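If you want the building blocks of each chain, they are given just below.
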Amino acid sequence: MLVVASIVVFGGVRAIPGNPAIALGAENRDPAVIAAVKAKYLLDKPLPVQYGHWIWLAVQGDLGVDQRQLSVGHTIASRLPISLELAALSMIVSVIVGIPTGVITAVRRGKPSDYAATGVALIGLSVPHFWLGLMAIIWFAVDLHWLPAGGYVTAHHPIANLKHLLLPAVVLGIGFAAVLMRQMRSSMLDSLGTDYVRTARAKGLSEWSVVCKHAFRNSLITVTTVLGLQLGALISGIVTIEVIFGIPGFGSLTIDAINQRDYTLIQGVVLVVACGYVIVNLLVDVVYSLLNPRIRTI
Amino acid sequence: MSAEPLLEVSDLSVRFDTDEGPLQAVDRVSFTLAPREVLGIVGGSGCGKSVTCMSLVRLLPQTAAVTGSAVFDGVDLLALGPRRLRRVRGREISYIFQEPMTSLNPVFTVGDQIGEVVRRHLGLSRRAARQRAVELLQLVRIPAPERRVDEYPHQLSGGMRQRVMIAMALACDPKVLIADEPTTALDVTIQAGILDLMREIRERLGTAIVLVTHNLGVVADIADRVIVMYAGRKVEEAPAEELFAAPQHPYTVGLLGAIPRPGERQERLEEIPGRVPAAAAPLEHCVFADRCRFADETTRTQVPALRAVRRDHLVACFHPEADRAA
Amino acid sequence: MSIVVQEIEAPRVAGRRRLRLLTKRFLRRPMAVGGLLVALAFVIVAIFAPLLAPYSPGHTDFDAVLAHSSSKHLLGTDDLGRDVLSRLIWGTRASMQVGVFATLLAMVVAVPIGMIAGYYRGWVDQVIARLTDVLLAFPFLILAVGLAAILGPSLLNATLALGIGSIPGFIRIARGETLTLREEDYVPAAVLNGANDATIIFRHILPNMTNTLIVQATLTIPGAILGEAILSFLGVGVQPPTSSWGTMLQEAEPYLTQAQRLSVYPGVAIILAVLAFNVFGDGLRDVLDPRTTR
C-alpha cells in the first residue's frame, strides 16, 4: 500500500513540468551547484533509480532539502503537530456533537426534533467549512472580539493556544459532526429494527439499555468504518481551515509547497499523508476488531 | 378449561398503518390460557398468529394500533404503563422468537445476554448472574456450559442459539412462555430436540406455553389445546386430540390434509386453492369464503359467529363438518 | 399480518406505469420537491445567465465601489464597482458547469471500470476494489491542488480534478450493483439466449442500475460545487476575473471587515445550491431505491 502510494507520489511529482534540479538549486543558476544537486539526488539517472534512492533516504529519515535548502524532514516535523492538534480538537467536537444527536434523532425518529436536527445536519453538510470559517471570523473575532481571528500560539502558552485553535476546531468539527450524525442516525435506525433489539425489549430491559447498550454497540461498528473513510475529507478540511485562519500547520505548508512547485517538499508532504492514511486505517481496523467479536476470534 | 385462566385475551384487534393504507392484521380474537397449559396457535403465514402474540407484550412497531384487552394476573397488559410493562416482560411473560440466528446480539457474550435478564429483574450481581447463566445453559442441555457462557453467538450453531434463547426466556421462571415458531428456522433433527426441551420445561417448571406454529405436527406433539387462525380471525378452537380427530372448519380440514403421514403413500399432498385475503378493514363476510368448497350466499354476506359444536370445541363456520355429517 | 403473497417482481415493471408510480411517491415528499425546484432554478439561471444578469460580470462602475444595495445594483457592488448580482448569476454558470461536467466525467470513466470489476470478479476486481478503497480516502483537495499545479489553474482543470476525485465513489457503486445484478435470474437467461458479455453488461445490467447511478450523480454534483468553491477560493480553481462563487469569496476575503455582505451572498448561493441538490438526491434515493428507504 505504502509502496504504491510512494510510487504514485514520486511519479506524480516528476510529472510537474520544469527541471527539478533547477528548482532545487533555487535562484542559484550556477552550473556547479546544479550539477551537485543532480549528483546528490541522482537526477541524471533513470527514474526507477531516482525513486529507489529517494525511498532509501526517506526510510533513514532524510526527505532531502527544499528550495530554501531547509530540511524537509524538519519543516514537516515542526508543522505537523499543529495540524494534528487541530485535527484532534475538531474530532473531539464532532464526536461530542455528532454521536449523541445521531442516537437521539434515531430514537425520536419522525418527531419534530428529529426533523429539526436532520435538517440542521443537512445544512451542515451543505455549508463549505471555509465559508463557515469566514463567517465565524466576522462574528466572533471581528464583531464580538471574543476570540482571535487567526494565527497560532505554541502549546507553551496553553490558554492562548486553545483560544487560537478553538474557532477553527469548532468550524471544522461542526462539518464532521453533520456527517457523523447522519451516519449514526441511519445505523441506529438499522440496529433498532433488528431482531436482537426486539429480544432485548422482550427481556424487559429499560429503554436506556436497549438503545445505549444493544443498539449503540452495533451501530458503532459501521460508524467506525465510515469514519476511516472520512480521513481524506478531514485533510482537505484542515488545509482550507489553516489557510483561512492563518495557522502555520501542515495544511498551509502543503498549499505553499504546491504553489511554489517545491518538489522535495511536495514529495515529503504527500508521503506523510500516505503514512497517515496507513496509520489511520490500521487504527480503524484495531477499533473495529475490538468492537466486533466476529472479527476478533477469527 | 375450568381453572382460573392465567391470561385472558378478549376482542384483540391489530391494525397496521402502512404506506399502502391500513391493514387489518388481527380481527377480534379472544382466547384464554390456563396455568401449566400448552396452547397451540396454528395457521398459514400471515394469518396474524405472530402479530397476536407480539401484541400481548407490545412488541409491535408503533404503526400498529391494538385494541381489545389482555388480562394477565389481574392487569390489562394492553393498558399498562411502560415501566410496569417492562416488569412483566422477561420476568412474567417471556418470548422466544423464530430467528435464533439474528435474535441474539452479536457483540455480547451469551452469558452477558442471559445474565442481563436476571440482573435486571432479580437484581443479581454480575457474578451471581453469570452463575445463573451457567445453570440455565445446563438446564437447556448445552454441553460444557462453563465454556459456552463466555462465547459469542456466532460461535454457536442455530440449534444451540435457540437453546440460549430458551435459557434466556426461562431465566426468571416466567409464568408464561410465548414461543413464536421456535423450530421453524431449524433443521428437522434439531427441531425434535428443541420440542423435547419445551415439553420438559413444562413438566419440570410448570410454565404455561403459547406455541405459535404453522406446523400441525408440532402442535399434535405437545399442545393441550389448539387455536386455528385464518386471515386474522380465530376460526376454530378445540382440545388437541379432538381437533385432529374431528376438525370442523373447512380450513382446518384442509390443513390436516396437507400433513404428510408416514407410511401412507400419497401422490401429492392436498393443498388449499386460492389465496389469503388482505383487508384494509374487518371483512363483512366469512374470511374463508373465497376458498371454501361450501361457500354460499350466507358465507359471502355474513360473518360467522363462533359457536360450540361440542364442549370446548368452537368453530366460526356456517357449514362445519358436524352439520354436514348430520 | 394478513397477506400478501407477493408476485415476484420482474426487474422492470412496465415503463410508463412505473414512472407514474414513482412520480406520485416523489411528489409526496415536499422537501425533495422543493430541492428539485431550487436545483432546477439554479440550472435555468446558469443556462440563461447572459439574459438574466443586469450587467456584464466584468463591467466596472467606479462611481459605486463597495456600494450598498440600491435600485441600480440590487445586491450592491464589489471593490471594483462590479455588480454583485450579475457576478452571482454568472458564478452560477461556472459552478453548475463544474458540478455537472465533473460528475459526468466521473460517471463515464468510473461506471465501465466498476462494471468490469463487478462482472468479471477475480484478480481484476481485487485490484480495482483495493485501489478504489485507497483513492476513496485520499484527500481530493491535495489531488486537485496538485493537478492545478501541474496543468495550471482554470475552470476546465478544476472540473477535471473534481471529476477525477469523484471517480472512486462511482466505481464502488457500479461494482457493488453489478455484483448483485449479475446474480439475478435474467443474466443466465440471457446467456442461454446466446448473449455475449458486452450485451449482458450494457443491455441487461446497465439499465437496471441507472436508478442508483442517477442518485449517486445527484449527490455528486453538490460535492463538486463545494469543491469548485474551495479550489477557487484557494486560488487553484477558476481564475479571476472570471466569476464563480469561489472566486467571489476569494476576492471578498480582504474586505471581510468592511463589506461582509460580499462574503455572505456567494456563501448563501453555495449553501442553497448544495442543499437543494442534496435534498433532491436524498428524496430521489428514497423513491428509487427502496432498500435504503427508511
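Conventions used here
- Residues numbered from 1 in each chain as written.
- Chains lettered and ligands numbered in written order.
- Predicted model: local features only at pLDDT ≥ 70, side-chain atom pairs only at ≥ 80, totals over all residues.
- Helix = DSSP H or I, 4+ residues; strand = E, 2+ residues; numbered from the N terminus.
- Buried ≥ 20, exposed ≤ 12 C-beta atoms within 10 Å, placed from the backbone.
- Contact = placed C-beta atoms within 7 Å.
- Rg over C-alpha atoms; globule rule 2.2 N^0.38 Å.
- Nonpolar A, V, L, I, M, F, W, Y, C, P; charged D, E, K, R; others polar.
- Core = buried A, V, L, I, M, F, W, Y, C linked by C-beta atoms within 7 Å.
- Pairing = 2+ DSSP bridges.
- Axes fitted to C-alpha atoms, helices over the stretch in contact; angles between N-to-C directions.
- Expected span 1.5 Å × (residues − 1).
- Left-handed = near helix turned anticlockwise from the far one by under 90°.
- Parallel < 35°, antiparallel > 145°, perpendicular 65-115°, else oblique.

A. Spatial organisation of the overall build of chain C. A count of helices and strands for chain C gives eleven helices and zero strands. Put simply, chain C runs from its N terminus to its C terminus through helices and strands in the order α-α-α-α-α-α-α-α-α-α-α. Every one of the 294 residues in chain C was classed for burial, and the buried ones make up 47%. Within chain C, residue pairs in contact and separated by at least 24 positions form 70% of the contacts whose partners lie at least 6 positions apart.

B. Up close: the overall build of chain B. Helix and strand content of chain B: 13 helices and twelve strands. Its C-alpha atoms give chain B a radius of gyration of 21 Å, within 12% of the compact-globule value 20 Å for 326 residues. Dimensions of chain B, computed from C-alpha atoms along their principal axes, come out at roughly 65 × 50 × 45 Å. Within chain B, the fraction of its 326 residues that count as buried is 47%.

C. Main features of the interface of chain A and chain C. On the chain C side, the residues contacting the 33 residues of chain A number 32 residues. Broken down by element, the residue count for the side of chain A that touches chain C peaks at seven residues, all from helix α11 (residues 231-245) of chain A. Counted by class, the side of chain A that touches chain C contains 25 nonpolar, seven polar and one charged residues.

D. Quick peek at the nonpolar core. By size, the foremost hydrophobic cluster in this structure holds 237 residues, and its most contacted members are Ala167(B), Val210(B) and Ala144(C). In contact with Ala144(C), not counting residues within four places along its chain, are Ala158(C), Ala161(C), Leu162(C), Gly165(C), Gly227(C) and Leu231(C).

E. Examining the sheet that holds strand β10 (residues 233-239) of chain B more closely. Residue and element names in this part refer to chain B. Overall, mixed pairing links the eight strands, which are arranged β6-β7-β8-β3-β9-β10-β12-β11 in an open sheet. A single partner strand is all that each edge strand has here, and the edge strands are β6 (93-96) and β11 (307-310). Each adjacent strand pair in this sheet contributes to an overall mean axis angle of 20°, direction not counted. Of the strand pairs in this sheet, β6 and strand β7 (residues 176-180) are connected by four bridges, and their pairing is parallel.

F. Examining unusual backbone geometry more closely. Residues and elements named next belong to chain B. Non-glycine residue Asp73 carries a positive phi angle of around 55°. Mapping Asp73 onto the fold places it in the loop between β4 (64-72) and β5 (75-76). The class of Asp73 is exposed, set by 12 C-beta atoms lying within 10 Å. The phi dihedral of Ala144 is positive, around 50°, even though this residue is not glycine.

G. Focus on the sheet that holds β4(B). Pairing in this open sheet of four strands is antiparallel, and the strands run β2-β1-β4-β5 (chain B) from one edge to the other. A strand with exactly one partner marks an edge of an open sheet, and here the two such strands are β2 (21-33) and β5 of chain B.

H. Up close: helix α5 (residues 126-139) of chain B. Residues and elements named next belong to chain B. The terminal C-alpha atoms of α5, which comprises 14 residues, lie 20 Å apart, in line with the 20 Å expected from a rise of 1.5 Å per residue. Three or more residues of α5 are buried, namely Ala129, Arg130, Arg132, Ala133, Val134, Leu136 and Leu137. Next to the buried residues of α5 lie α4 (110-122), α6 (145-148) and α7 (158-170). Downstream of α5 by a residue or two, Arg141 has a phi angle that is positive, lying close to 60°.

I. Examining the environment of Pro30(C) more closely. Structurally, the position occupied by Pro30(C) is in helix α2 (residues 30-47). Separated by 60 residues in sequence, Pro30(C) and Trp90(C) have C-alpha atoms that sit 29 Å apart.

J. Summary view of the pairing of strand β1 (residues 7-18) of chain B. Residue and element names in this part refer to chain B. Bridging between β1 and β2 involves nine bridges; their strand directions are antiparallel. What sits directly across from Asp17, in β2, is Pro22. Direction of pairing for β1 relative to β4: antiparallel, over a ladder of eight bridges. From the neighbouring strand, Glu8 faces β4, where its bridge partner is Val71.

K. Fine view of the packing of helix α12 (residues 250-259) of chain A against helix α13 (residues 263-291) of chain A. All names here are of chain A. Running from N to C, α12 and α13 point in directions that differ by 145°, and their axes come no closer than 8 Å. Regarding α12 and α13, the two cross each other, and that crossing is left-handed. Mapping the contact onto sequence places Leu253, Thr254, Ala257 and Ile258 in α12 and Leu265, Ile266 and Val269 in α13. Looking at side-chain class alone, the contact of α12 with α13 contains six nonpolar, one polar and no charged residues.

L. Broad picture of the packing of helix α5 (residues 72-107) of chain A against α12(A). Residue and element names in this part refer to chain A. Two elements in contact, α5 and α12, have axes whose closest approach is 7 Å; the angle formed by their N-to-C orientations is 130°. On the basis of their axis angle, the class for α5 and α12 is oblique. Each of Thr75, Arg79, Leu80 and Ser83 in α5 lies in contact with α12, whose residues at this interface are Phe250, Gly251 and Leu253. Of the residues assigned to the contact of α5 with α12, the class counts are three nonpolar, three polar and one charged.

M. Highlighting α4(B). Residues and elements named next belong to chain B. The terminal C-alpha atoms of α4, which comprises 13 residues, lie 18 Å apart, in line with the 18 Å expected from a rise of 1.5 Å per residue. With respect to burial, α4 is a largely interior element, ten of its 13 residues being buried. Among the residues of α4, those classed as buried are Val110, Gly111, Gln113, Ile114, Gly115, Glu116, Val117, Val118, Arg120 and His121. Elements in contact with the buried residues of α4: α5, α6 and α7. Within two residues after α4, Gly123 carries a phi angle of roughly 65°, on the positive side.

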